[in-house]
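# Summary of structural features
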4 protein chains.
Amino acid sequence: MTRAKPAPQHADQAAGGANPQWGGRFAAGPAEIMRRINASIDVDRRLWAEDIAGSQAHCDMLVAQHILSPEDGAAITRGLAQIRTEIEAGHFVFSDVNEDIHMNVEARLADLIGPAAGRLHTARSRNDQVATDLKLWLRAAIDRLDSALREFQRVLLDRAEAEAGTVMPGFTHLQIAQPVTFGHHLMAYVEMAGRDRGRFGDCRRRLNESPLGAAALAGTSFPIDRAATAAALGFDRPAANSLDAVSDRDFAVEFLAAAALAGAHLSRFAEEIVIWCSDAYGFIALSDAFTTGSSIMPQKRNPDAAELVRAKTGRLNGALVALLTVIKGLPLAYGKDLQEDKAPVFEAAAALELGLAATIGMVRDLQPDRARMREAAGRGYATATDLADWLVRVAGLPFRQAHHATGRIVQRAEALGRGLAELPLAELQQVEPAITAAIYDVLDPERSVNSRTSLGGTAPERVRMAVAAARKKYLG
Amino acid sequence: MTRAKPAPQHADQAAGGANPQWGGRFAAGPAEIMRRINASIDVDRRLWAEDIAGSQAHCDMLVAQHILSPEDGAAITRGLAQIRTEIEAGHFVFSDVNEDIHMNVEARLADLIGPAAGRLHTARSRNDQVATDLKLWLRAAIDRLDSALREFQRVLLDRAEAEAGTVMPGFTHLQIAQPVTFGHHLMAYVEMAGRDRGRFGDCRRRLNESPLGAAALAGTSFPIDRAATAAALGFDRPAANSLDAVSDRDFAVEFLAAAALAGAHLSRFAEEIVIWCSDAYGFIALSDAFTTGSSIMPQKRNPDAAELVRAKTGRLNGALVALLTVIKGLPLAYGKDLQEDKAPVFEAAAALELGLAATIGMVRDLQPDRARMREAAGRGYATATDLADWLVRVAGLPFRQAHHATGRIVQRAEALGRGLAELPLAELQQVEPAITAAIYDVLDPERSVNSRTSLGGTAPERVRMAVAAARKKYLG
Amino acid sequence: MTRAKPAPQHADQAAGGANPQWGGRFAAGPAEIMRRINASIDVDRRLWAEDIAGSQAHCDMLVAQHILSPEDGAAITRGLAQIRTEIEAGHFVFSDVNEDIHMNVEARLADLIGPAAGRLHTARSRNDQVATDLKLWLRAAIDRLDSALREFQRVLLDRAEAEAGTVMPGFTHLQIAQPVTFGHHLMAYVEMAGRDRGRFGDCRRRLNESPLGAAALAGTSFPIDRAATAAALGFDRPAANSLDAVSDRDFAVEFLAAAALAGAHLSRFAEEIVIWCSDAYGFIALSDAFTTGSSIMPQKRNPDAAELVRAKTGRLNGALVALLTVIKGLPLAYGKDLQEDKAPVFEAAAALELGLAATIGMVRDLQPDRARMREAAGRGYATATDLADWLVRVAGLPFRQAHHATGRIVQRAEALGRGLAELPLAELQQVEPAITAAIYDVLDPERSVNSRTSLGGTAPERVRMAVAAARKKYLG
Amino acid sequence: MTRAKPAPQHADQAAGGANPQWGGRFAAGPAEIMRRINASIDVDRRLWAEDIAGSQAHCDMLVAQHILSPEDGAAITRGLAQIRTEIEAGHFVFSDVNEDIHMNVEARLADLIGPAAGRLHTARSRNDQVATDLKLWLRAAIDRLDSALREFQRVLLDRAEAEAGTVMPGFTHLQIAQPVTFGHHLMAYVEMAGRDRGRFGDCRRRLNESPLGAAALAGTSFPIDRAATAAALGFDRPAANSLDAVSDRDFAVEFLAAAALAGAHLSRFAEEIVIWCSDAYGFIALSDAFTTGSSIMPQKRNPDAAELVRAKTGRLNGALVALLTVIKGLPLAYGKDLQEDKAPVFEAAAALELGLAATIGMVRDLQPDRARMREAAGRGYATATDLADWLVRVAGLPFRQAHHATGRIVQRAEALGRGLAELPLAELQQVEPAITAAIYDVLDPERSVNSRTSLGGTAPERVRMAVAAARKKYLG
C-alpha cells in the first residue's frame, strides 16, 4: 500500500491560526474552516420534506423486500413522522455539526428510535439520496412556476381581450413602425410564457427518473426494488445507470436555462413598462402599489418593481453560469463540487417566482392611457407601409418601387412638417401619379390596424381569435 | 411634427476622420464605420440556402394567392434557382454593400430578372425573413447533431458491450470508491447523450413554427396563406403572434443551452480521458491520431484532442451568455441587437459538432489497459463497502454499526500496509467478532462487481441488459 | 514501463469513417477530425508579426550568448525578414498542415535558409512562444483601445463644453428627476472612459513581463539571457516563474474583463441614444450615416449603430465567460485548453474597437434638439427638489418635513393638472404657510441647474470647470 | 400635465389575490409582492457600519458648513452612536417596512432624537449614500482579501523553500514533461496570488473616490464640502461627476472580475490537490481535517475541501455575470436595477474568503510523499528534453534534428520497455552516432533539475533565489 501518510495536525492550526498578522475571520483553525466550507445545512435544509419523503419510500421498500424488519420499519416511520412534525412546528434544531440535511435527519432519528435508525441507510448513499431530494424539490418548483406562468397568461389574456381594439404604435428599433393594438402586443407575451411552460414541462418530464438505489455509484448487492421507490415518489421510472444517476445534474442546469430565458422575457416586458411609464411616453401608469417615491425628489413615482424584475435576469443568468462552471470537466461519479448545485437552483427559483408575481401584479395593475397611445400611433408616419402596400395592391407597383415612392413622400411630409394624411393629393401625385384620393383611406391608424387580418396579425378581430385560441390551448 | 432634424455630415468625418493622433483603423469616416458594424453578410451568408428556400416558398404562395402573377412567379423561381447554382458553384459575389444575405440575394435577383424581383418582397419583411432563415438553419443543425449524438451512443454501446466485464475502480471525489466495470462507466455517457438528444428534439419541436407572414411586426393586409408557406418549409404551423414571431429568439437560446450542456458532458469525458491517459493512471492509450507531440519534449504523446474538447465548453458557455445578454431588456418587436444572434449560434454549433466528432473518434480509438484497470480496482480498499454490506446482510448489524466497524478495519489495514483481503481473520475478528472466513468472498473486485445486480448497477449481466435496452431505445 | 500500448488505426477510420448512417461532415477519419480540432492557424495567424518579432529577439539573444553562431543568426534574421515581407505582401501561404503560426513560420524559414532554421528553437518552446506572442498582441491592442478611448473622451469633452448650458431633464428610474445639463450628462461618460483607460493601463502594466525563456515549463540549461529578450521586446522584466509563465492567461482574462466593462458603458450610452432618438423623446437626431432604413417601412430611420453597440455587450460578456470557463480547474503547466484563449481575445478586441468607433461617430454626429430637451425639463415636477431645498434653506424646515410638504404640493399640482410654477401662491401656502413668493425663483429649470454648484454638480460653470480639469487629466 | 392617472387598487388584489387556483406564495396582494421584491434590508443590513460612518461624516460636514446647527449635529452624533451600540449588541430590530439599511437607521434615529433626525438627509440622497456605503464595504473586503492572499503567499513561500529540492514530474497536458521541483511548482501560485493582489489593489485605488454629495444625481445647491466628507471617510477625493457617482458600479464589477480570476487560480490548485491525492498519484496526503469520509464507503478520505474550492469558481463566475447583466443597457442615472449589485458582491467576497482560507489550510496541511514524486519524475521519459539539449549543446546538432533523434530514441525505449537511462549506449548510438557515455549524466532527474538555472527556472538554487525575491517583494 503506497498511500502517503496523512499529515498530523499542526499545533498552531489546532490552536486556531497562530499568525497574528492575519487575524480576523481567517484566524479559524482547520477544523473550523472545514466546517464552514463543508457544511451545507444552511442551504440544503430547504430539502427537509423531500429528504423525509425519500427516506420513507426507501424504508417501505426495504421492509417489502425483507431487508428491514417490519418492526424496524415501523420505528423508522414513526420517527420520520415525528421529525416532520418537529420541523413544521419550527422546533427542530438544524446543526452544522451534522453538516447536511441527510445527517441532521438521521441523527435526530437515532435520538428518537435508537439503533434501528442505523438500518435506514442500508443499500443507499447520500449520493443517490441528495440527487433524489433535489429532483423532488425541483419538480415541485416547476409545478409552482407552471401555475404562475399560467396565471401570467390568464391576466395577459384578460387584458388583451379588453384592449384588442386599443390602437398604439408598434415599434421596431424603438422607432414607430406601424400601428398595432395593445391587446396584440400583450399577446406576444402569452406566446413567450407558453414556450416557457413548455420548457419547464420538458425539464420536468426528463428529470422524472429516480436516482434512488444507485447507492454510492455502483448499485447495490441488496435485493432492492428501485421501481417501487420510484413509483412511491412519483417518478416515472428508475434512472438507468447508477454512475450517471449520482453524478447527473442536467436537470438543474436545464431548469436554470429555462429560468434564465423566462427571466429574459420578463426583462423585456419590464423594459417596456419602464419606457411606457416615462413622462415622454405616458402610455401607462402604475399605481402606488408598484412604484416607490424618492427620498429627495418628492414627486417621483418610480417603477421600481419593473426595474427589479429587469435586474433579476442578472441573478438568473449568473445562476446558470455558476452551475455550468461547476460541472465543467468533472470526472464521474459524484464529486463534492456538486454540492454547489443547490444555491443557484434555490436562488433562481426564488428570483423567478418573485419576478413573475411582480409582473402579474403589474399587468393587473397598469392603467393604459389610450388617448396617448392613439395619439402616438398617429405620429411617426406609422401608416407609410399601408401607403406602400396600397401602391402595390391597387396601383400594381412592384413592392420595391412602391417602397421608394413612399420614402420620397415621407421625406416631403417631413420637410413640410406634416403627417401623411395631412399631405394634399397633389403633393402625393407629384411623387407617384398613380395615387388617387382613395389613398387617404389607408392612412388612418384604425384602418391600418383593421386591415392586418393575416393569421397572427394585429387586426382586432384577429386578436380576439388569438385570445380565444390561447385560452383553449393554455388555460383549457 | 416634432422630429429633430438629422445632422449634416461633418466635413472632417466625410474626409475620413480628421484626428491625426487617432489614425489606423479608427480613421474611417462614419459611412465606413457604419458599414463595418452594420454589415452582417460575413456571418449570415451561411444562411443562403435557407434564404432561397424561404423566398421560393413565399413566391409560390404569393402566386397561389393571386398576389403575384404566374409570370412573375416563374421569373423569380428561375432567378432563385440560378442564384442557388451560382452560390453552389462558388461564383456568387457576396458584397457587404448589400449588407446582408437577404439583400444580396434580392439584388442579384434584380440583376437576373429585372423589376419583377421587386415584387418578391410583397407582404414580407426582413424581420420575418431572417427569423425564418435562422430557424431553418438551426433545424438542420439539430438534425446533424442528433445524428452525431446517436453515433456517439452507438460507439459507446459497442465498446460498453465489449467491456461489460472489464473491472476498473469506480471513483467518487477521484478517490477509489468501489469496483465497477468499464462498460458500466461508458454507459453513463449513453444516458447523458440520450438526454442531450431529448433536449435538442424538444428545441426542434418548439421552434418549428413559421415566422413567415408576420411581416415587419404587425402582419399584413395582403391575403396571404401562412399555413401554405409553413407547410412548404416543413414547419408544423405558423407562429401565432406576429410581434412575437419577429422578436423571438428563444429557439436560439434554447439551442445554445442544450449545446452548452452537451458540451459539459463532453468535457467530463474529456477530463477522464486526460486523467486516464496520464502516466500514473495508464488506464487507456490513444493512438497518434488523437495525440500530438511536443516541440521540445520528443517523448510526449499529448491528449490534445481531449483537452480541446474540454476547452470547447468555454466557447459554448460564452455563446449562451452572449445571446442571453443580448436579449435582456429588449423592447418589442425587432431590434437590430438581434443581428448578434447568429455568430454565437454558428460558433456553438460548429464547436459542438467538432467536439462530438473528436470524442466519437477517441471512443473508437482508445485502447484500455485492462490489467492496469484491474490492478487499480484492487487498491484503495475498494471493497470496503462490500465488507460493510456483508456485516449488514450476513451478520445482521445495523448499517451504521457495520460502517463503523469497516472503518476501523480499513484503519488497521492501512497501519499494516495491507489490502483488506490480505488481513488475517484474527485481525478482522478483533474489530468485529461476528466476522467469519466467508467474508473473504466479498473482498474480491470481480465478486464485488458481480454482486451489484440492482437495476442500473455495475454487474456485467446488468450492463449487458442495459446495453440491449439502450440499443432499442436510442438506436432502434 | 507500464504505459498502455497505443491503439492501431482502425481500418474503417483510415477509410474515412465507415458508418453510412452517419455521413456528412462527421464522415471524416480521425486524422481529418484531429486536424480540424487541433489546427489553430485560422485564428492565430493574426499573431504573425508578434511571432516574427519574438523569434528575432530570441535569435539575437542566442547569438549574443554564443548559443547560435553569427552566421546562423544572420541567416535566420534574413529569413525572418523575408517571411515578414511575404506576409505583408499577401504572398505567404498559411497552411493548417503546419497547424499554428509558429510552425508555419518555422517551416517557411527552413524552406528559405535550410537546416539553420532548426537551431532557432533552441532553448525555447511553443509554450513560452505563444504566451509571448499573445502578450505582445494584447499590448498593442490595449494601446489602440487607449487611443480610441482617449478620442472618445475628446469628442465627449468638445460636445460637453458646447452643451454645458443646455438644460435637459435628469432621470432616475427613467423618470424625470431634476434638471441637468446635457454637457454634464456627457461628462459622466468621460469618467467611465477614464476608468476604462485606467483598467486597460493596469492590465498592460501587469502583463508586461516576458515569458520567453520559460521554455516548455521548467526553464532551460542553455545560458540564455532572459533580460535581453525581455528588453528587446519592450517588456519590463522576465516573468519570475517558468511554470507560471507558460500557463498564465491572467492577462487575457483581465483584458476581457476590462473590455466587458467598457462595453457595458457603451451599452448604457447606446440605450440612451435609442431612447432619445425615439419619437416620444426626440432629444437628439442621428444622421443617415448612423441610421438605416427599413425594407418594409420606408419612413424609418433606425438607430442601428446604437443597437449594435448595445448588443456587443453580449459578445464581450460571452468572451469573458468563455475564457474563465476554459481556465477553471486546469492543472499546471501548459494544457492545450489554453489554445482556446485567442478567439475570445481577438473577437472581444474587435467588438470593442468597432463599438467605440461607432460610438465616437455617433457622439460627433448627433444633433440635440435643445428645445425639446428644455421643454421636457420643465415637465414632471423636475424642480420639486428645489422647492424642498428652499423650504430647508430659507424656511428652516427639517429635510424630511420639507420633503413631505413638497409631496403634498406636487399632488395638488397633479390634481389641478398644472406645473409647480403655475400653482398660485395661495395653493402653496395652504400646504406650507412658510412659503413666500420668493419660491417661484427656484421653480425654473435654468435657475435650478445654475444653483447646483457643488463639486461635480450640474451647474454650467461647474461643468465647464470639469471639462477643463478633465482635458488636463485625460488629454494633457 | 399629461401624466396617465395611477390605477386604483383592484378589490381582489387588496383582498390578497383572489384566484383560488393560483394560491400558495403567489396569493399575496400587490403590497406584499412589492414589499418582497423591493425590500433589500435582508441583504444590505451588512452595510450598517458603513452607513453609520457615512452619516456621521455627512453630519460633521453639515455642521462645519453651518447647514446644520451644532445642537442638531450633536443629537445626530449621539443617536448614531446609540444605534451602532444597539446593532453591535444584537438588539437592533431590522425591519423590512423600512425597506433598506438607510431608512432603518434613519427611522431609529428619529425614534431616538426626534425631528432633528430629519435634518440629516439635507443635501444627500439614498443614491449617493448607498454608493458610498458599498464602496466602503468593498474597500474593507479588499483589505481582508489582500491579507488573506498575502498569507497564502507566505505559506506557499515557506513550503516552497522547504521543498526547493524536492523533485517531482512537471506536467504539460497532464503528461510527464520534465522534472521540476515541488518548490518551483508552488512558487507559480505565489506569482498568481501576487497578480491577484495587484488587481485588488488597483480596484481599491480606482474606487476610492467619494460619491457623497452627488445627492440624487445633480449635485446640490447647499454649500457642502465634498472634500471634507471624502477625507473623513478615507477617500482620496470626491468623484468628479455627480451623475456618474450615483450610477457607477464599475468598482463592484472590477472587484467581481478580480475575484473570479483569483477563484480560477484556486481552482487550478484545487484540481492539482484532487489529482495528487488520488491513489494513482499519491503525491500528497491531506489530514482528516481537510477530508471527509463517506456514508457508504468507510475507507474514503475525500478531498472535499479542495473540490469545494474548485466549485466556488461557479459562484464567482456567476456573480460576475450577474452584475454585468444587470448594468447592461441601463440609462443614467440611478435605476433600481442597481440594488441587485449587493448580493453578488457579498456572495463572491464570502466565497473567495472561504476558498482562500481553505486553500491556505490545505497548503499548510498537505504532506508530500517525496518518494512517490521522485519515482514519478523518473518515469515518462521526463529527461528526453535533456537528451535533446545535450545533442544540441555537446554534439552541435540543430535543435530540430536533435528533437527527431530523441524521438526515435524514446520510441526505441518504449519498444524495449525501458527508461532512457536504462538503454545501452549502443542502442543510443544506433540512432545518433554522436552520442557518448557522457549522455547518461543528463538523464538523471536530479541533474536535469539542477541544470535548469535560467532565470525563473526550476533549479533548486534558482527556486531559493526566487523565494527570497518574492519574500521581499510580497511580504517585505
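Look up: the structure comes first, before these words.
Quick look at the structure, then. (Residues numbered from 1 in each chain as written. Chains lettered and ligands numbered in written order. Predicted model: local features only at pLDDT ≥ 70, side-chain atom pairs only at ≥ 80, totals over all residues. Heavy atoms only, no water.)

With that out of the way, let us pick up the environment of leucine 207 of chain D. Secondary-structure assignment places leucine 207 of chain D in helix H8 (residues 182–207). Excluding residues that lie within four positions of it along the chain, leucine 207 of chain D makes contacts with Lys135, Leu138, Arg139, Ile142, Phe235 and Phe251 of chain D. (Helix = DSSP H or I, 4+ residues; strand = E, 2+ residues; numbered from the N terminus. Contact = heavy atoms within 4.5 Å.)

Relative to the elements of secondary structure, serine 221 of chain B occurs in the loop between strand E3 (209–210) and helix H9 (226–232). Looking at serine 221 of chain B, the relative accessible area reads 17%, which means it is buried. Within the structure, serine 221 of chain B has its side chain in polar contact with the side chain of arginine 393 of chain A (distance 2.8 Å). Setting aside its immediate chain neighbours within four residues, serine 221 of chain B contacts Asp389, Arg393, Ser451 and Arg452 of chain A. (Buried < 20%, exposed > 50% of the residue type's maximum accessible area, 1.4 Å probe, protein only. Polar contact = N/O pair within 3.5 Å; in protein donor to acceptor, adjacent residues only side chain to side chain.)

Contact with chain A, which involves 87 residues of that partner, is made by 88 residues of chain D. A buried area of about 7,600 Å², summed over both sides, lies between chain A and chain D, and 58% of it is on carbon and sulfur atoms. Here chain A and chain D share 8 salt bridges between them. Across the pair aspartate 304 of chain D and lysine 336 of chain A runs a salt bridge whose closest N-O atoms are separated by 2.6 Å. (Buried area = accessible area lost by both parts, 1.4 Å probe. Salt bridge = Lys/Arg side-chain N within 4 Å of Asp/Glu carboxyl O.)

Each side of the interface is counted separately: chain A has 105 residues, and chain B has 105 residues. Around 8,800 Å² of area is buried between chain A and chain B when both sides are counted, 56% of it from carbon and sulfur atoms. Our count for the chain A to chain B interface comes out at 16 salt bridges. One salt bridge connects arginine 199 of chain B with aspartate 250 of chain A, and the closest N-O pair in it is separated by 2.9 Å. Taken together, the links from chain A to chain B amount to 56 residue pairs in polar contact (both at pLDDT 80 or more). Of the residues that constitute the side of chain A that touches chain B, the class distribution is 42 nonpolar, 35 polar and 28 charged. (Nonpolar A, V, L, I, M, F, W, Y, C, P; charged D, E, K, R; others polar.)

Turning next to the packing of aromatic side chains. Aromatic rings in a pair are described by how distant their centres are and how their planes are angled relative to each other. Throughout the structure, instances matching the rule amount to 38 aromatic pairs over all chains. When the ring of tyrosine 281 of chain B is compared with that of phenylalanine 283 of chain B, the centres are 5.4 Å apart and the planes differ by 80 degrees; the resulting orientation is edge-to-face. Following the ring pairs from residue to residue traces out a cluster consisting of Phe171, Tyr281 and Phe283 of chain A together with Phe171, Tyr281 and Phe283 of chain C. Directly above the aromatic system of phenylalanine 222 of chain A lies the positively charged group of arginine 393 of chain B, at a separation of 5.5 Å from the ring centroid. Against the face of phenylalanine 346 of chain C rests arginine 46 of chain C, its NZ or CZ located 4.7 Å from the ring centre. (Phe/Tyr/Trp six-rings, centres within 6.5 Å; stacked < 30°, edge-to-face > 60°. Lys NZ or Arg CZ within 6 Å of the ring centre and 35° of its normal.)

Honestly, that's just the spatial picture; any functional story needs more than this.
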